[in-house]
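Examination of the molecular architecture
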Amino acid sequence: MLVLNGSPLSTCTGRVLTCFFQMGLQLDKDFKLAPLGDFADIYKPEWLANQPFGQMPFLIDEEEQYVIFESRAIIKYVAAKIGSPLLPKQSDLKAYGIFEQACSIEHCNFDEPAHSIAAELYFAKFHGREGDVALADKNKALLAKRLKVYDQILSKQKYIAGDDLTLVDLFHLTYGNLNVTIGGAPALTDAEGHPNLARWWKEVTSLPGWVKYQELLPKN
Ligand SMILES: N[C@@H](CCC(=O)N[C@@H](CS)C(=O)NCC(=O)O)C(=O)O
């Protein structure tokens, strides 16, 4: 059994759940979710033994007696294990190369500012501090500039890694959605100013994996 340790409320655990569902994995049949008792659990020695940075999620593959952390690595590991077509094969050199390029784009050009905006405008209050609005504004401007490049890329291809949907498209969902909600990334839904980006965003937010993940979240 694959056991995912983390909270569905966390964006990184949500990224894994979204991709698991999109790959056709079923909760409690193909994998289990081991939710946290308390958020502070991630700082305890038992957690740190599996995720030494004190973050969620991590995955235990009981069959292989193997532990892996980092949401994107967990997803790629499981995709390779089950042979998901959402992960290009290394033998398809060009598809593999552009997929890895897209993974770096997502992590460095998208997630970095998107994460920082969310940290200031949303997560700060959970850590008992005021969000730094000036820092959020700086990152909003940076993300806006980068999303213009996304719009150009998506004018030439359907998805971030070419004309086929891959896992990297789904990697964007949790932080993208949170940023749409808090006003961090208006370009994602701006069909007039960013038609290609908005077309892509509309499509990826309609994917069954994302819809199924949303169903796990509290309604409000
Ligand atoms: N790059 C890691 C980031 C993990 C991460 O930052 N997780 C957050 C929840 S989304 C967390 O555990 N934060 C608690 C903390 O850093 O104190 C991944 O993708 O798994």
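Residues numbered from 1 in each chain as written. Predicted model: local features only at pLDDT ≥ 70, side-chain atom pairs only at ≥ 80, totals over all residues. Heavy atoms only, no water.

Under an unreviewed UniProt entry, the chain has the name glutathione transferase and belongs to Saitozyma podzolica. Per UniProt, the comment on the chain under Catalytic activity (unreviewed entry) is "RX + glutathione = an S-substituted glutathione + a halide anion + H(+)". Quoted verbatim from the Sequence similarities (unreviewed entry) field of UniProt, the annotation for the chain is "Belongs to the GST superfamily." (UniProt positions renumbered as here; feature names shortened; annotations may be inferred.)

**Describing the sheet that holds strand β4 (residues 66–69)**
One open sheet holds the four strands; their spatial order is β2-β1-β3-β4, and the pairing between them is mixed. In the strand order of this sheet, the two ends are held by β2 (31–34) and β4, each with one partner. Each adjacent strand pair in this sheet contributes to an overall mean axis angle of 20°, direction not counted. Where strand β1 (residues 2–5) lies against β2, four bridges are found, and the strand directions are parallel. Its bridge partner lying in β2, L2 is registered against F31. Along the sheet face, helix α3 (residues 71–82) touches β1, β3 (58–61) and β4 and points at about 135° away from the line of β4. (Pairing = 2+ DSSP bridges. Helix = DSSP H or I, 4+ residues; strand = E, 2+ residues; numbered from the N terminus. Axes fitted to C-alpha atoms, helices over the stretch in contact; angles between N-to-C directions. Contact = heavy atoms within 4.5 Å.)

**A look at the nonpolar core**
Of all hydrophobic cores here, the largest spans 53 residues; its most connected members are F20, L59, L147, L167 and W200. A domain-level breakdown of this core finds at least three residues from each of domain 1 (2–87) and domain 2 (93–207). Apart from the residues within four sequence positions on either side, L147 is in contact with F110, A185, A187, L188, H194 and L197. In this structure, L36, I42, M56 and F58 belong to the second largest nonpolar core, which totals five residues. (Core = buried A, V, L, I, M, F, W, Y, C linked by side-chain atoms within 4.5 Å. Buried < 20%, exposed > 50% of the residue type's maximum accessible area, 1.4 Å probe, protein only. Domains from an automatic or database assignment.)

**Focus: the site of the ligand**
In the neighbourhood of the ligand, 14 residues make up the surrounding shell, with C12, Y43, M56, E70 and S71 lying closest. In this structure, an oxygen atom belonging to the ligand sits 2.7 Å away from a side-chain N or O atom of Y43. Taken by itself the ligand offers 500 Å² of open surface, and the protein chains cover 80% of this. For the shell around the ligand, the elements supplying multiple residues, two or more each, are α1 (11–22) and α3. (Near = heavy atom within 4 Å. Polar contact = N/O pair within 3.5 Å; in protein donor to acceptor, adjacent residues only side chain to side chain. Areas by Shrake-Rupley, 256 points an atom, 1.4 Å probe, with all protein chains shown as cover.)

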